[in-house]
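Letter by letter, the chains look like this.
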Amino acid sequence: MSSEKKYWKSAEQLEESSPLVEALEQNEFAEHIPADEFLGDKDKLESSQTSRRDFLKYVGFSTAAASLAACEGPVVKSIPYVVQPERIVPGVADYYATTIASGFDFASVLVKTREGRPIKIETNKESNGLSAGKARVHASVLDLYDIKRLQNPQIDNRDVTWTEFFSSLETDLKAGSDKKTYLLTQTFASPSTDQLIKEFQENYPNVEHIVYDTVSDEAALDAFEAKYGYRALPNYDFSKSEMIVSVGADFLGDWQGGAFDSGYSKSRVPNNGKMSRHVQFEANMTLSGANADKRVPVKPSLQKQIVVEVYNQIVGRVASTNLSDALKAHVDNAVAQLKTNSSGAVFVTGLDSLEAQAMALEINEKLSSKVFDLENPRLIRQGRNSKIQTLISEMKAGKVGGLMMAGVNPAYSLPNADEFTSALENVETTVDFSMKKDETAILCKYIAATPHYLESWGDIRFTKKDFSLVQPTIKPLFNTRQFEDCLLKLNGNSTKFYEYVKDNFKSTFDGLSWNQSLHDGSFMYDMSLPAASEVSAIDISAGARKLVAKSDSEGFELTLYTKTSMGDGSHANNPWLQEMPDPVTRTSWDNYVTISKADAQAMGLENSNVANGALNGDYVAVTIGDKTIDKLPVIIQPGQAPGSIGLALGYGKTESIQEEMQVGVNAFPLYQNFDVNQTVGLEKVSGVHEFACVQLHHTMMGRRDIVKETSLEIFNTKDKDYYNATPQVSLNHQEVDVTSPDVDLWDEFDRSIGHHFNLSIDLNACTGCGACVIACHSENNVPVVGKSEIRKSRDMHWLRIDRYYSSEETIEGDYEKKDDISGLGSAIGTYGDLEVASAEDVQVIFQPVMCQHCNHAPCETVCPVAASAHGRQGQNHMTYNRCVGTRYCANNCPYKVRRFNWFLYNQNDEFDYHMNNDLGRMVLNPDVTVRSRGVMEKCSMCIQMTQKTILDAKRDGRVIEDGEFQTACSSACDNGAIVFGDINDEESVVYKKTKDDRMYHLLEYLGTKPNVMYHTKVRNTTEA
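Residues numbered from 1 in each chain as written. Predicted model: local features only at pLDDT ≥ 70, side-chain atom pairs only at ≥ 80, totals over all residues. Heavy atoms only, no water.

Draft legend 1. Just the pattern of salt bridges, in detail. For the structure shown, the criterion picks out 45 salt bridges. When the shortest N-O distance is used, the salt bridge between Lys 134 and Asp 105 registers 3.2 Å. With Lys 134 in the loop between β4 (117-123) and α5 (135-143) and Asp 105 in the loop between β2 (94-101) and β3 (106-114), this pair connects stretches of sequence that are 29 residues apart. Classification of Asp 105 as buried rests on a relative accessible area of 1%. The salt bridge involving Glu 789 is made with Lys 792; its shortest N-O contact spans 3.9 Å. (Salt bridge = Lys/Arg side-chain N within 4 Å of Asp/Glu carboxyl O. Helix = DSSP H or I, 4+ residues; strand = E, 2+ residues; numbered from the N terminus. Buried < 20%, exposed > 50% of the residue type's maximum accessible area, 1.4 Å probe, protein only.)

What follows is the structure in structure tokens.
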């Protein structure tokens, strides 16, 4: 069934007879390899009568000699301990439980350290709080080794001692006590920090505290506070969902702090014939929309009407809407399903509107939604961004004597940053507690160098009941002090913040052990929340009329969003995240305007691929009021709602950012009134932008059965052979399953002895978040190559997440069309229609692809030096010391998962990323070789991890339990999409997955017999 549905990776693939697509399907390399430069004269080579055998002898010798001459392995010098610390055993990793709480990302994590160095972030499986299933969380360890970090406190741009810093600051604070002093901070979500700030305000009565979130959730906070009497965000347990309707809420992204995807994936895997249904109304193509069963592209002004219409039909009529018949039918259908599922249904919205958020709360209450967790609301957003304008006004008027900032960068992230920086000149005492000399810090008199969270102490309250502790995993690298330690010093308190947190824990959490809680990293404790001082009721009827008043705006409607990789921009100097492809556009190193195909054609905007497959695009200018961003590149995005555009925040930073990572454009000036939806003017301007897009790299174009999908109805009513048939090949004119040993070209390995590893990937559970990609980088020392190399198809990702588009039409619809064919004329027209996929109404499938570790591996048979070989445990090994870089294996690999080291990426000035400085190299995993130039590399199935597990069990004299075997990607996947294990253990989860009816192998008809299996994507197409 699935093989006849058309899938496409980019708009270029929809062009008939595209020479680029044909070239990429047929050629291993997009560009000509200049072999004549090192083999001699090209013309003489072509006219030579030398036999193939002689040629291979010559090439084998010359390339080996060149490799030996140019690619000598680096000399690594080790210095032993003079006095070895008792708790550190060389070669053995230690793990510490701690918490990331950056103000934007919050998660309970485990930190792997080697010889005192944190080298990897992993999920704290024991935590009940927010999980680490985000790419940014896994990449945060690299920020610890950022060479742009401040190393000392500064006064007036000169390094000083902490003694001088505090002496001068205390003098200035006392001198300005006749005026207001503002403390502007991120959301700390820390009971101890909140208490410390209150003590600071008692000592300095003129201090006013403002909490500021870079991307505001103030509307949702205010709505919750008005209804329930305390300031928090609603929490959702999507694992309990049966029906999800989202209007503009990317809850699989960063909406209200994210981390909802784990629960979502649990409800999306068919279980006893049931799975949740997800309907998404949105403008941009988001992760949530890409995973939805039904996605309706609709611009923001109409999203407001949809919220009102849903409220009308579920709670009670409050205002008339003006939706088109087609859109009204979609809304009616979604509402009918909400009512049918009632307590198993949930409604969410991402509109920055107090009224819309209040309506969502009322709708979920009316449904009696069990997904809506009112008993355990979230506390990771507390910002009152509306107070920022009051602060700026008072600064302008000279009423502010001091401004102290911690965890924020308003000179970069405020919509009116110019107004803020101008007003800052009127403030006498300016202090920034910061890790870097960023856009705000350089304007301040005092800069307090703060540590990374892996060097810090603290406590975090994720939700009403979920708490987590922060502990250092390394001694501070520089002369830094925590913001909280600075406050203690200013309070005249000689206590260290560690002692403060510990004392606060013991006095607050009666009956809990400090040591046990610190070991576990998190704990649960039901503690009441403070009541709001002032609560104003929200007039829903008036709000509804306000929402529908401006039902359709003139001009383009902009939706600002944060990328899965870059977030709010605080990780802008992190090369792992800069090079991580966006899950939807597959573009790295940039932000851009996404626009629909129809709007692009009307404006004459184009995307084009050059000869080597690299993507180019036109520029536009975006205007809102008197603000214009002159040059923003354009990507034509399938699924973008006509009349709307999208743009990512978090780019365009320049201060304390390495030159190679000063990319993109700052979109915060368009974030007016802290509303992600704006009406803007759009105009084409001159110039062509060069994107670093990996969408056409390592492509499997031209193959069939790349992905498989079916509907829930077919899955429940049809046999496996109907929706997931095993491919067949001809043997003696008889069709035989490709899995039959009768059609093997190779002798089978004996896989019954010892361990045999398999990796399972469930396409229903995978949301495309990319956490596995970063975890693979971190564990396996995968290099960053930069934008120019990406454009040459030379990305080094061992694991990629292919994104495929498909027609909105169901498979059944395609077959009905085909069955109605009568005659040659009808056949030509109908088959032509089946091949044209719409660029507006699309479905999306994410498919992680790594080395498939084939039992009948094509790469192994063509390697002239036996660098690629098969192991008894099922892994396809890559012996770097044997490899001479012929690249035959890459040419023979149907999955295109092998990467060639075109350059030495380590200690090379041409690649000025973390591997080029002593500090950055501290993140490297000593268990994995740092590859030199000229070798092939690929996924190893994290053989260093599997072997460690085997050795640990052997040392302990015990049997390995199921779940102990892990790879970096399986360990990072909180969604359960990637499962790793030993299929020789018939009680293991991965063995049971081999027997699942949805299981298939990628390109199975080739007979490579991979050790990586996939599970067919099932969509819940059942409508009310």
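What follows continues from the structure just given.
Draft legend 2. Quick peek at the sheet that holds strand β16 (residues 429-434). Taken together, the 7 strands give an open sheet; going across it, the order is β6-β5-β17-β16-β15-β7-β8, and neighbouring strands pair in mixed fashion. Both edges of this open sheet fall to β6 (158-159) and β8 (207-211), since each of them pairs with a single strand only. Summarising the sheet, β16 and strand β17 (residues 446-449) pair through 4 bridges and their orientation is parallel. The residue bridging Ser 434 from the neighbouring strand is Ala 449, located in β17. Against the sheet, helix α6 (residues 162-175) makes contact with β5 (154-155), β6, β7 (180-185), β15 (400-406), β16 and β17, and its axis sits at roughly 135° relative to β17, the strand it touches most. (Pairing = 2+ DSSP bridges. Contact = heavy atoms within 4.5 Å. Axes fitted to C-alpha atoms, helices over the stretch in contact; angles between N-to-C directions.)

Draft legend 3. Here's a closer look at the environment of Thr 949. Of note, Thr 949 is situated in helix α31 (residues 943-956). In sequence terms Thr 949 and Gln 966 are 17 residues apart; their C-alpha atoms lie 8.7 Å from each other.

Draft legend 4. Here's a closer look at the sheet that holds strand β11 (residues 277-282). Pairing within the open sheet is parallel, and its 4 strands lie in the order β12-β11-β10-β13. Looking along the sheet, the strands with just one partner apiece sit at the ends: β12 (294-297) and β13 (345-349). When strand polarity is set aside, the average angle formed by the axes of neighbouring strands in this sheet is 10°. Inspection of the sheet shows strand β10 (residues 243-247) paired to β13 by 5 bridges, in the parallel sense. In the sheet register, Val 245 faces β13, and the bridge partner there is Phe 347.

Draft legend 5. Structural detail: the packing of aromatic side chains. Counted by the stated rule, this structure contains 39 aromatic pairs. Note on Trp 162 and Phe 165: the rings are 5.3 Å apart at their centroids and 70° apart in plane angle, and the pair reads as edge-to-face. Of this pair, Trp 162 and Phe 165 both sit in helix α6, 3 residues apart, which is roughly one turn of that helix. Each of the two residues, Trp 162 as well as Phe 165, counts as buried. Both rings, one in Tyr 236 and one in Trp 255, keep their centres 5.7 Å apart while their planes meet at 35°; by these two values the pair is tilted. Here Trp 255 lies in the loop between β10 and α9 (261-268) and Tyr 236 lies in strand β9 (residues 233-236), a separation of 19 residues in the sequence. Using a relative accessible area of 10% as the deciding quantity, one classes Trp 255 as buried. What links up through ring pairs into an aromatic cluster is the set Trp 457, Phe 467, Tyr 498, Phe 505, Phe 509, Trp 514, Phe 523 and Tyr 525. Above the ring of Tyr 412, the side-chain terminus of Lys 653 is found at 5.1 Å from the ring centroid. When the ring centre of Phe 900 is taken as reference, the NZ or CZ atom of Arg 887 above it lies at 4.8 Å. (Phe/Tyr/Trp six-rings, centres within 6.5 Å; stacked < 30°, edge-to-face > 60°. Lys NZ or Arg CZ within 6 Å of the ring centre and 35° of its normal.)

Draft legend 6. Summary view of the packing of α6 against helix α17 (residues 483-490). Put simply, α6 and α17 touch, their axes get as near as 11 Å, and they point 60° apart. Classified by the angle between their axes, α6 and α17 sit oblique to one another. Crossing angle aside, the handedness with which α6 passes α17 is right-handed. Of the residues in α17, those in contact with Trp 162, Phe 166, Leu 169, Glu 170 and Leu 173 of α6 are Cys 486, Lys 489 and Leu 490. Its residues assigned to classes, the contact of α6 with α17 shows 6 nonpolar, no polar and 2 charged. (Parallel < 35°, antiparallel > 145°, perpendicular 65-115°, else oblique. Left-handed = near helix turned anticlockwise from the far one by under 90°. Nonpolar A, V, L, I, M, F, W, Y, C, P; charged D, E, K, R; others polar.)

Draft legend 7. Up close: the pairing of β15. Burial of β15 is extensive: 7 of the 7 residues sit out of reach of the surface. Direction of pairing for β7 relative to β15: parallel, over a ladder of 6 bridges. Residue pairing across strands places Leu 184 opposite Met 405, the latter belonging to β15. In this sheet, β16 lies alongside β15 in parallel orientation, the contact comprising 5 bridges. Across the sheet, residue Met 405 finds its bridge partner in β16, namely Asp 432.

Draft legend 8. Representation of the confidence of the model for the protein chain in the model. Predicted confidence across the protein chain gives a mean pLDDT of 86, with 88% of residues reaching 70 or more. Per-residue pLDDT stays below 50 along residues 65-71; that stretch engages in 7 contacts with residues further than four places along the chain or on separate chains. Within the model, pLDDT remains below 50 along residues 831-839, and this stretch shows 15 contacts once partners closer than five positions in the same chain are excluded. (pLDDT = per-residue confidence, 0-100.)

Draft legend 9. Inspection of empty space enclosed by the protein at higher detail. Enumeration over the complete set of coordinates arrives at 13 cavities of 30 Å³ or more. Of the voids in this model, the second largest cavity is the one considered here, and its volume is about 740 Å³. In terms of lining residues, the second largest cavity is bounded by 45 residues, among which Gly 248, Asp 250, Leu 560, Tyr 561 and Thr 562 are the most central. Of all elements in the fold, only α8 (218-228), α11 (300-314) and β21 (556-562) reach the threshold of two or more residues within the lining of the second largest cavity. No other element matches the 4 residues that β21 contributes to the lining of the second largest cavity. Here the lining of the second largest cavity is built from residues that sort into 18 nonpolar, 19 polar and 8 charged. (1 Å grid on protein atoms, 1.4 Å probe; cavity = no way out; pocket = protein on both sides within 12 Å on 5 of 7 lines; lining within 4 Å. Points joined across faces, edges and corners; volume = space filled by probe spheres on them.)

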